[in-house]
Each structure stands twice: as C-alpha cells, then as structure tokens.
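# A closer look at the structure
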Amino acid sequence: MDGQTLEPKKVVSTRGMTVDGEYHPEPRVASIVASMIKPEWVVNVKETGMIKLVDYTDINNTKETTINSAKFLHDGGWDSTKRYFLVAANASNKVAVVDTKTGKLAALVDTKPKPHPGRGANFVHPKFGPVWATSHLGSDVITLIGTDPAKNKQYAWKVVQELKNHGANSLFVKTHPKSNNLWADAPLNPETVNAESVTVYDIKNLDKGPQVINVAQMAGLPETKAVKRVVQGEYSADGSEIWFSIWAGKTDPSAIVVIDDKTRKFKAVIKDPKLITPTGKFNVYNTQHDVY
C-alpha cells in the first residue's frame, strides 16, 4: 500500500505448496518485517512454513526469495545485531533463523513444545554471550538461543539454557537494554494463580532463580468468576517501567498494571470501561527501533 494514503498498490497471493509438499489454498501471513540491510520484506507465511524475502524496489517486477523452514510460522523478532530474524515454527517445535544478509536460512533450532516469543528478548548472557529468548505455549520453560556466530560460534543457533517459567501456556517474554530483568507471562495456563502471575529473572544472576509476582492482585479489580489473565509485558522507552495487561471476562473490568522495573514493585494501575481485555499495547519508540 501507499505509505501516506494506504491506497493498495499490489496484491500478491500466498496460496501454494507447503514445506511438506501439500497444496494449501488459503495460508495466512503471520508477520512481516523490513530488513535492516536490504530493501526487502521478510514475510512469514504461516501454514506453508515458507519465508519469503521480497525485494520492494520495483513492485511491478517483484523479486522473491523463498526459504523453506517449518510449520506453522508465527511470532518472531530480530537478534541484537538486526541481521538475523528468529521466528517460531510452533507446530514443529522449532525456531527458524533467517540471515537477511545472505538471504538464506541460518538454522532451524529445536526447542521444547510450541515456542511463542512475541518479538522475543535479547540480552548478553554471562556465560554464552548474546542470546535471544522465547517462552512457550506447550512447556514451562524460557528457552535461550545463542545468536553470535562471529564471537561465540560454539553457542550460535543452539539452545544454551532453559530457565524455569512458573507455568506453560506463555505468550510473551520481555526485557530491555537498560534493564537487568527478564519477564515471562503464562496467561493461558489453566491454574488461576499461574495465569495471574509473571516470572522475572535477574539476567546478571540467572542461577539465583526466579521471582514469581501475582500482578492481577495489584490491579484491585472486583472479584468475579473470570480469571484475570496477565499478559504482554511492554517496557517504557527508558526501560524504567514495564506495563502488563490484565484480561478479565468480556463483561468484567480489565486493567493495565505499571510496575517499576528496578524494584519490581507496583507503580500504577490504569482502569477504564473501554479497557476490555487489553493487549497489543506497544511503546512507539521501542517499536520503531526494534528494542526488545
């Protein structure tokens, strides 16, 4: 589309063959990101397990590179250098790594069941160097994958550590370059206390173990039958605060809880009748600059 008017410029079909050699009539697009290196889109076609690198310099004569990965492609994010894009293939229990410089698949990393990173989380591990983290829908771990083939080749594109989450059924993991904390939720966990809580690790001292915080209790919402599911931590631009959404029932009050990242203590709560199961809240600066 035209960036100013949103006028459609070109429509390209995603239907076609899957990585298993079967025809799919209506595959969805899980995510689209712009390469930091070339004038290309990285397009993840969910049900096919195909990743397309689309050169957008001439949309009338489009050039595409198609990369076989694994099904079903979903959320993903950049490594710290913004060269490699890591995307979950959650039906295959893998994370696909795309090298946007060479235009090739760098790795398919085996993980515990159903990785679901959101955009993931980048930080420097005390032992393994730069890593990217994902939590999981199907396992109660936070998986750390090495992302530095230049200086830490022995750890690159390998699962270097699995941290304990407070439960499975997680949707998002989060940190910030100015934070020492790594946060993970578990909003779809069947146990109420797990769905209401988050796990937080000190990334400078991972062996210390996690703190589990019941964020839902901080919101002061009325007691109802609905589970108050805590989801999607999002940092402020300066990394001093992390904001968590609380999903209550569709007819019940929901909220956003603001936590001081340094102290891990309650800072504020945002309530409004229009806040119905809030999610998809994104700090504009962090989103523009791919800060995670």
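Examined against the element boundaries, Asp290 turns out to sit in the segment after helix H2 (284-288). Although buried, Asp290 forms no salt bridge, and the nearest oppositely charged side chain, Arg119, lies 5.5 Å from it. In this view, Asp290 contacts Met36, Trp78 and Lys82; residues no more than four positions away in its chain are not counted.

Turning our eyes to something else, we now look at the pairing of strand E16 (residues 181-185). Burial analysis of E16 places five of its five residues in the buried class, which makes it a mostly covered element. Every second residue of E16 is oriented toward a common face, with Asn181, Trp183 and Asp185 on one face and Leu182 and Ala184 on the other, all of them buried. Of the pairings in the sheet, the one linking strand E15 (residues 173-174) to E16 comprises two bridges and is antiparallel in character. Directly across from Lys174, in E16, lies its bridge partner Trp183. Hairpin connection, E15 to E16: the antiparallel pair is bridged by six residues. Pairing geometry for E16 and strand E17 (residues 197-202), over five bridges, is antiparallel. When the bridges of E17 are listed, Trp183 appears paired with Val200.

Before going further, it helps to spend a moment on the pattern of salt bridges. Once the charged atoms of two side chains with opposite charge are near each other, the side chains can pair. Tallying each qualifying case throughout the model produces eleven salt bridges. Taken together, the shared-partner salt bridges connect Arg119, Lys174 and Glu234 into one network.

Rules behind the numbers
- Residues numbered from 1 in each chain as written.
- Predicted model: local features only at pLDDT ≥ 70, side-chain atom pairs only at ≥ 80, totals over all residues.
- Heavy atoms only, no water.
- Helix = DSSP H or I, 4+ residues; strand = E, 2+ residues; numbered from the N terminus.
- Buried < 20%, exposed > 50% of the residue type's maximum accessible area, 1.4 Å probe, protein only.
- Lys, Arg positive; Asp, Glu negative; His and termini not counted.
- Salt bridge = Lys/Arg side-chain N within 4 Å of Asp/Glu carboxyl O.
- Contact = heavy atoms within 4.5 Å.
- Pairing = 2+ DSSP bridges.

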